[in-house]
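# Overview (structure and organization)
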Amino acid sequence: MLTQTTTRVLEPGDLGAALAILESDPVSNAFVTARVRAAGLDPWRLGGEMWGWYADGRLTSLCYSGANLVPICATPDAVRAFADRARRAGRRCSSIVGPAEPTARLWRLLEPSWGPARDVRPHQPLMVTEQPSPDIEPDPLVRRIRKDEMDVIMPASVAMFTEEVGVSPLAGDGGLLYQARVAELVGAGRAFARIEDGKVVFKAEIGAATPQACQIQGVWVAPEHRGRGLSESGMAAVLRYALADVSPVVSLYVNDYNAPARAAYRRVGFREVGAFMSVLF
C-alpha cells in the first residue's frame with residue numbers, strides 16, 4: 001500500500017481501481033474508458049501508459065500517456081505530478097486533450113519545455129443528449145458503411161481530418177495508422193455516411209463507445225453540399241443508431257468558434273454540459 005502522495009505507471013492489477021475513476025465521469029472519460037475496457041492497462045496493448053496519482057495511499061487521478069496526453073479526474077496536485085513526469089519523459093504525444101480546466105493547468109506547466117504548440121483550442125463545448133429532438137427528421141439515406149466501401153469513405157475521412165486538425169493524416173506513415181483506425185470503425189459498424197453517385201455527402205462515426213456513453217466524431221459535410229441542413233438530418237440519423245445500438249448517452253465536443261455546428265447540434269437535441277481543451281503539436 002502506498003502511504004504518501006506519489007505517481008506511478010499503473011499495472012494490469014490496478015484495472016479495477018482505474019475503471020472506478022474512469023467510470024465516475026463516463027461522458028468526459030469515454031475515450032480513455034473505451035481503450036482501457038478493450039485493452040486493459042498493459043502498455044503494449046493499451047498503446048501507452050496509464051499514470052496514477054495516489055493521495056494518502058488511494059488512487060485518485062489518472063493520466064493517459066500515449067498518442068494523446070489526457071488528464072483524467074486530475075486534481076491540481078495530480079496535474080503537477082503528471083507534468084513533472086511528462087517533462088522528464090519528453091514529448092511523445094501529438095496532442096494534449098481533456099476537460100478544459102485540468103488540461104489548461106497541465107499545458108501551463110508543460111508549455112515552457114514543450115511549446116510552442118501548433119494550435120491551442122482552449123474551449124471546446126462538450127455536448128450530450130439522451131434522446132433526439134422530435135423536430136429533426138433523421139436522414140433515411142444515412143447508413144452504415146460496408147467493409148467494401150473503404151475506398152469511398154477514405155477520401156472524405158482524410159478531407160475531414162485535414163480540415164479539422166490542420167494537417168493531413170497521410171503525413172508520416174503514408175496514412176497507414178489512420179486507415180487502420182477508419183477500417184476499425186467501419187468493421188465495428190460505427191461509421192456512417194450518406195453516399196450519392198459514389199461520393200460521400202455526409203459522414204460521422206461513433207468513436208469511443210462504452211456501455212455508459214459514446215462519442216460521435218468526424219462529422220463532415222462535403223463543401224458543395226453545405227448549407228442544405230444535411231448535418232442536422234445526418235446527425236439525427238447517427239444519433240438514432242447510437243442510442244439504439246451503443247449507449248444510453250451520446251456526446252461530442254466541438255470548437256467554440258464553430259457557431260453553425262453548435263447551433264445544429266442543439267437543434268438535433270444536444271446540450272452543453274462542460275468543455276474540453278485541445279493542444280495540438
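Residues numbered from 1 in each chain as written. Predicted model: local features only at pLDDT ≥ 70, side-chain atom pairs only at ≥ 80, totals over all residues. Heavy atoms only, no water.

## A word on the sheet that holds strand β3 (residues 58–65)
The condition that has to hold: Here the rule is simple: two strands pair whenever DSSP picks up at least two bridges between them. By definition, any uninterrupted DSSP run of H or I lasting at least four residues is a helix, any uninterrupted run of E lasting at least two residues is a strand, and each is numbered from the N terminus. Any two residues having at least one pair of non-hydrogen atoms within 4.5 Å are treated as being in contact. Here, axes are lines fitted to C-alpha atoms. For helices the fit covers the stretch in contact, and angles between N-to-C directions go from 0 to 180 degrees.
Pairing is mixed across the open sheet formed by 12 strands, whose spatial order is β1-β2-β3-β4-β5-β12-β6-β11-β10-β9-β8-β7. The sheet terminates laterally at β1 (6–9) and β7 (143–144), the two strands that pair on one side only. Where β7 lies against strand β8 (residues 191–196), two bridges are found, and the strand directions are antiparallel. In the strand pairing of β8, Arg 143 is matched with Ala 193. In the packing of helix α6 (residues 150–165) onto the sheet, the strands contacted are β6 (119–129), β8, β9 (199–209), β10 (214–221) and β12 (271–280), and the crossing angle to β9 comes to about 70 degrees.

## Here's the deal with the side chain of Arg 121
Short version of the rule: By the criterion applied in these results, polar contacts are pairs of N or O atoms within 3.5 Å in which, for protein atoms, one can donate a hydrogen and the other can accept it, and in which residues neighboring in sequence qualify only through two side-chain atoms.
Within the secondary structure layout, Arg 121 lies in strand β6. A polar side-chain atom of Arg 121 sits 2.9 Å from a polar atom in the side chain of Asp 119.

## Quick word on the packing of aromatic side chains
The condition is simple: Aromatic pairing here means that ring centres of Phe, Tyr or Trp (its six-membered ring) are within 6.5 Å. Orientation follows from the plane angle: under 30 degrees is stacked, over 60 is edge-to-face, and everything else is tilted. Type-normalised accessible area, obtained with a 1.4 Å probe on protein chains alone, sets the label of each residue: buried when under 20%, exposed when over 50%, and partly exposed for intermediate values. Geometrically, a lysine NZ or arginine CZ counts as sitting over a ring once it is within 6 Å of the ring centre and also within 35 degrees of the ring normal.
If you walk through the whole model with that rule in mind, you get eight aromatic pairs. Centre to centre, the rings of Tyr 265 and Phe 270 are 6.2 Å apart; their planes meet at 65 degrees, and the pair counts as edge-to-face. We classify Tyr 265 as buried; its relative accessible area is 10%. For Phe 270, a relative accessible area of 3% puts it in the buried group. An aromatic cluster is defined as three or more aromatic residues linked by ring pairs; in this entry it consists of Trp 107, Trp 114 and Phe 281. The ring of Trp 51 has Arg 85 lying over it, and the distance from NZ or CZ to the ring centre is 5.7 Å. The residue whose ring lies beneath Arg 240 is Tyr 241, and the NZ or CZ to ring-centre distance is 5.7 Å.

## Topic: helix α4 (residues 76–89)
To keep it simple, the criterion reads: To estimate how far a helix should reach, multiply one less than its number of residues by 1.5 Å.
The terminal C-alpha atoms of α4, which comprises 14 residues, lie 20 Å apart, in line with the 20 Å expected from a rise of 1.5 Å per residue. Residues Ala 78, Val 79, Ala 81, Phe 82, Ala 83, Arg 85 and Ala 86 constitute the buried set of α4. Residues of α4 that are buried sit in contact with β1, β2 (49–55), β3, β4 (68–72) and α5 (100–114). Directly after α4, the chain includes Gly 90, whose backbone phi takes a positive value near 85 degrees.

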